[in-house]
Amino acid sequence: MVLKWSRTLVNIYRVQTNLWFSCRSISRVSSVELPKVVDSMGKSYADISEGHGLEQLVNLNTMFRTKAVSLALPPGSPHRINDPNYKGIRLFILRLMLFYSKQSMSIRAANVIYRRVVSQADNPMVYDVFRLEKTFRTTFSMLVVHMWLCLCRLKVEGKEGVELGQYVYEIYNHDLEIRVSKAGVNLLLSKWMRELEKIFYGNIVAYDTAMLPEAKPDALHNTIWKNVFSSDGSPTYDAAALPAVLAFSRYVRRECTCLSLTDKESMFSGNFMFSAIYDPNTPR
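So, here's what we can say about the structure. Because the structure is predicted, anything quoted here is derived from the model rather than measured.

Reading the values: the criteria
Residues numbered from 1 in each chain as written. Predicted model: local features only at pLDDT ≥ 70, side-chain atom pairs only at ≥ 80, totals over all residues. Heavy atoms only, no water. Helix = DSSP H or I, 4+ residues; strand = E, 2+ residues; numbered from the N terminus. Buried < 20%, exposed > 50% of the residue type's maximum accessible area, 1.4 Å probe, protein only. Contact = heavy atoms within 4.5 Å. Areas by Shrake-Rupley, 256 points an atom, 1.4 Å probe, with all protein chains shown as cover. Core = buried A, V, L, I, M, F, W, Y, C linked by side-chain atoms within 4.5 Å. Axes fitted to C-alpha atoms, helices over the stretch in contact; angles between N-to-C directions. Parallel < 35°, antiparallel > 145°, perpendicular 65-115°, else oblique. Nonpolar A, V, L, I, M, F, W, Y, C, P; charged D, E, K, R; others polar. Polar contact = N/O pair within 3.5 Å; in protein donor to acceptor, adjacent residues only side chain to side chain.

## Looking at the overall build of the chain
- Along its length, the chain carries ten helices and zero strands.
- Its helices and strands taken in sequence order, the chain reads α-α-α-α-α-α-α-α-α-α from the N to the C terminus.
- Looking at the chain residue by residue over its 284 residues, the buried ones come to 48%.
- Taking as baseline every contact in the chain between residues at least 6 positions apart, the subset at least 24 positions apart corresponds to 76%.
- A total of about 14500 Å² of accessible surface is found on the chain, and carbon and sulfur atoms cover 57% of it.

So, in structure tokens, the structure goes:
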């Protein structure tokens, strides 16, 4: 199974050679705001999103407009995860057991990176702020978006980044298989995983294409609506959802730029954190 997923990720990188881009160019891509509208019943998106306690506190139209900054965790952050500094006989034994081999260190780093992805994708604040029902579909969509952001940034570092991204991808697929099983799918699991693989691949290509400098101004909005907000993949907007779609589009652009400002060491060690959803100025 692992080898199969590995080949898939390699194919994604090969096919998208011309689509991958430096995230630093994101800040030069225009983002056109669509007019604020309401649905035919005169209700705003917040009005039809009962149960989301933050709806009266969050102004989606003002979110994610602050200047992009590095997502690297400072040295004293309690969220940092570093390899233990063993000495003496313990260090000698661990070296014999290949604990410090390139592969072992890459797998540990990939686990930390994926932990950052999961932390954001499973964060209840994400669903409250963007007024999304937390289901398997929406959680999967969030996993894909944040996996894409990480893989895109790692790809910038060349072969070394691609190899690390492959380990992250394998861990993601193992976690996804567990999530599918927990969702109650025990029969035809392989079929479900193949379908999710196709969706992942399609979303990656769609996000890359939407972020190209020559893409239409509303390309990212349309892609996010279809892949994240639309319950049936329909290209037709639910007008009431537009503020959330536009806010999430700004979030994606900002995070990609923030990751481009994050140094290689922080990325490769997993010592970074995605921006806080509700309060971007929360201390790290």
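## Notes on the nonpolar core
- Ranked by internal contacts, the top residues of the largest apolar core, which has 65 residues, are Phe-130, Tyr-172, Phe-229 and Phe-248.
- Secondary-structure elements contributing two or more residues to this core are α3 (102–121), α4 (124–129), α5 (136–155), α6 (159–182), α7 (189–210), α8 (219–229), α9 (242–260) and α10 (264–269).
- For this core, the element with the highest residue contribution is α5, accounting for eleven residues.

## Thoughts on the packing of α8 against α9
- Relative orientation of the contacting elements α8 and α9 amounts to 105°, with a least axis distance of 9 Å. On the basis of the axis angle, α8 is roughly perpendicular to α9. For the pair α8 and α9, the contacting residues are Leu-220, His-221, Ile-224, Trp-225, Val-228 and Phe-229 in the first and Ala-244, Val-245, Leu-246, Phe-248, Ser-249, Val-252 and Arg-253 in the second.
- Among the residues forming the contact of α8 with α9, the class breakdown is ten nonpolar, two polar and one charged.

## Thoughts on the environment of Tyr-201
- Along the chain, the position of Tyr-201 falls in helix α7.
- You can call Tyr-201 partly exposed: its relative accessible area is 32%.
- Residues Tyr-201 and Val-144, 57 residues apart in the sequence, show an inter-C-alpha distance of 9.3 Å.

## Structural notes on the environment of Arg-153
- Considering the arrangement of structural elements, one finds Arg-153 in helix α5.
- By relative accessible area, which is 5% here, Arg-153 ends up buried.
- When residues no more than four places from it in sequence are discounted, the contact partners of Arg-153 are Leu-259, Ser-260, Thr-262, Asp-263, Lys-264 and Met-267.
- A polar contact is formed between the side chain of Arg-153 and the side chain of Glu-157, at a distance of 2.8 Å.
- Here the side chain of Arg-153 touches Leu-259 through a polar contact of 2.8 Å, landing on its backbone oxygen.

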